[in-house]
Amino acid sequence: MIDLYSMATPHGHKVHIMLEECGLREGRDWQAIPVNIGKGDQFKPEFLAISPNNRIPGIVDPNGPDGKSISLFESGAILLYLAAKTGKFLPKTDRLKYQALQWLMFQMGGVGPMLGQNHHFRQYAPEKIPYAVDRYTNEAKRLYGVMDKQLALGKYIAGNTYTIADMAIYPWL
């Protein structure tokens, strides 16, 4: 059974979505282990052994490569691992696979960090800093525009196939 250390955040939701979409069932194939980042659980030694970056999510799969246990952190790496393990949601042809991977990287390097900063400075920052609010609001609008243009070309972000890129982007939107 895969242990998923997570919380209800966009990064955590990506992995929950992937597990469910792969047909894996909570309580049978995987279990959710809550990491309360509000209380500092991400700094506990047992969690840091799985996720040395002290960020969620993290997984431990006792049936990893070569039948040996593996722990992984970073949601994108976990999505790639689960796609390889299950053979689902990452196209097989190189062309389609790399199209999906570029949109996964777009989420990991752009959508997640920029929308995260946008939400922070607009909603949670103890002091409203107009420059930061404007900068991240404008970048969020730009990223939404990129996605709108791309989705006008196909049913899903990487074309006509539902992939891990869609699962990674969706929770942020």
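Everything below is about the structure printed above this text.
Figured I'd write up the structure that's included with this text. Everything quoted here is computed from the prediction, not taken from an experiment.

1. Structural notes on the environment of V60
Within the element layout of this structure, V60 appears in strand β3 (residues 58-61). Placed 15 residues apart in sequence, V60 and P45 show a C-alpha to C-alpha distance of 15 Å.

2. Concerning the pattern of salt bridges
For the structure shown, the criterion picks out six salt bridges. Salt-bridge contacts for R25 lead to E20; the nearest nitrogen and oxygen are separated by 2.8 Å. Relative accessible area serves as the criterion here: at 37%, R25 is assigned to the partly exposed category. As a salt-bridge pair, R28 and D29 come within 2.7 Å of each other at their nearest N and O atoms. With relative accessibility at 22%, the residue D29 sits in the partly exposed group.

3. As for the environment of G116
Tracing the backbone shows G116 in helix α4 (residues 94-124). With 40 residues separating them along the chain, G116 and Y156 place their C-alpha atoms 23 Å apart. Setting aside chain neighbours within four positions, we find G116 in contact with V111 and W172.

4. Regarding the side chain of E139
Among the secondary structure elements, E139 is positioned in helix α5 (residues 130-151). In terms of polar contacts, E139 uses its side chain to reach the side chain of R142, at 2.8 Å.

5. Some remarks on the sheet that holds strand β1 (residues 2-6)
What the four strands build is an open sheet, ordered β2-β1-β3-β4; its pairing is mixed. Both edges of this open sheet fall to β2 (30-34) and β4 (70-73), since each of them pairs with a single strand only. Across the sheet, the mean angle from the axis of one strand to that of its neighbour is 20°, orientation sign disregarded. Sheet contacts for helix α3 (residues 75-86): β1, β3 and β4; angle to β4, the most-contacted strand, approximately 135°.

6. Focus on the packing of α3 against α4
One can describe the packing of α3 onto α4 by two numbers: an axis separation of 10 Å at closest approach and a directional angle of 155°. By the angle between their directions, the pair α3 and α4 is classed as roughly antiparallel. The segment α3 lies against α4, with S75, G76, L79 and L80 engaging L101, L104 and M108. A breakdown of the residues in the contact of α3 with α4 according to their chemical character gives five nonpolar, two polar and no charged.

Procedures and definitions
By convention here, each chain's residues receive numbers from 1 onward along its written sequence. pLDDT decides what is reported in this predicted model: residues at 70 or higher carry local features, side-chain atom pairs at 80 or more are listed and counted, and totals for whole chains, interfaces and linings draw on all residues regardless. Computation of side-chain values covers all heavy atoms of the structure but excludes hydrogens and water. Only DSSP runs of H or I reaching four residues or more are called helices, and only runs of E reaching two or more are called strands; each is numbered from the N terminus. Salt bridge, as used here, is a side-chain nitrogen of Lys or Arg placed within 4 Å of a carboxyl oxygen of Asp or Glu. Throughout, exposure labels follow a simple rule: accessible area from a 1.4 Å probe, protein chains only, divided by the maximum for the residue type, with under 20% read as buried, over 50% as exposed, and the rest as partly exposed. In what follows, residue pairs with any heavy atoms lying within 4.5 Å of each other are defined as contacts. A 3.5 Å cut-off defines polar contacts: any pair of N or O atoms within that distance qualifies, except that in protein one atom must be a possible hydrogen donor and the other a possible acceptor, and neighbouring residues in sequence count only when both atoms are side-chain atoms. If DSSP finds at least two bridges between two strands, the strands pair. For helices, the fitted line uses only the C-alpha atoms of the stretch in contact; every axis is such a line through C-alpha atoms, and the angle between N-to-C directions lies from 0 to 180 degrees. Any angle that is under 35 degrees is reported as roughly parallel, and any over 145 degrees as roughly antiparallel; angles of 65 to 115 degrees are reported as roughly perpendicular and all others as oblique. The residue classification treats Ala, Val, Leu, Ile, Met, Phe, Trp, Tyr, Cys and Pro as nonpolar and Asp, Glu, Lys and Arg as charged. All others, Gly included, are polar.

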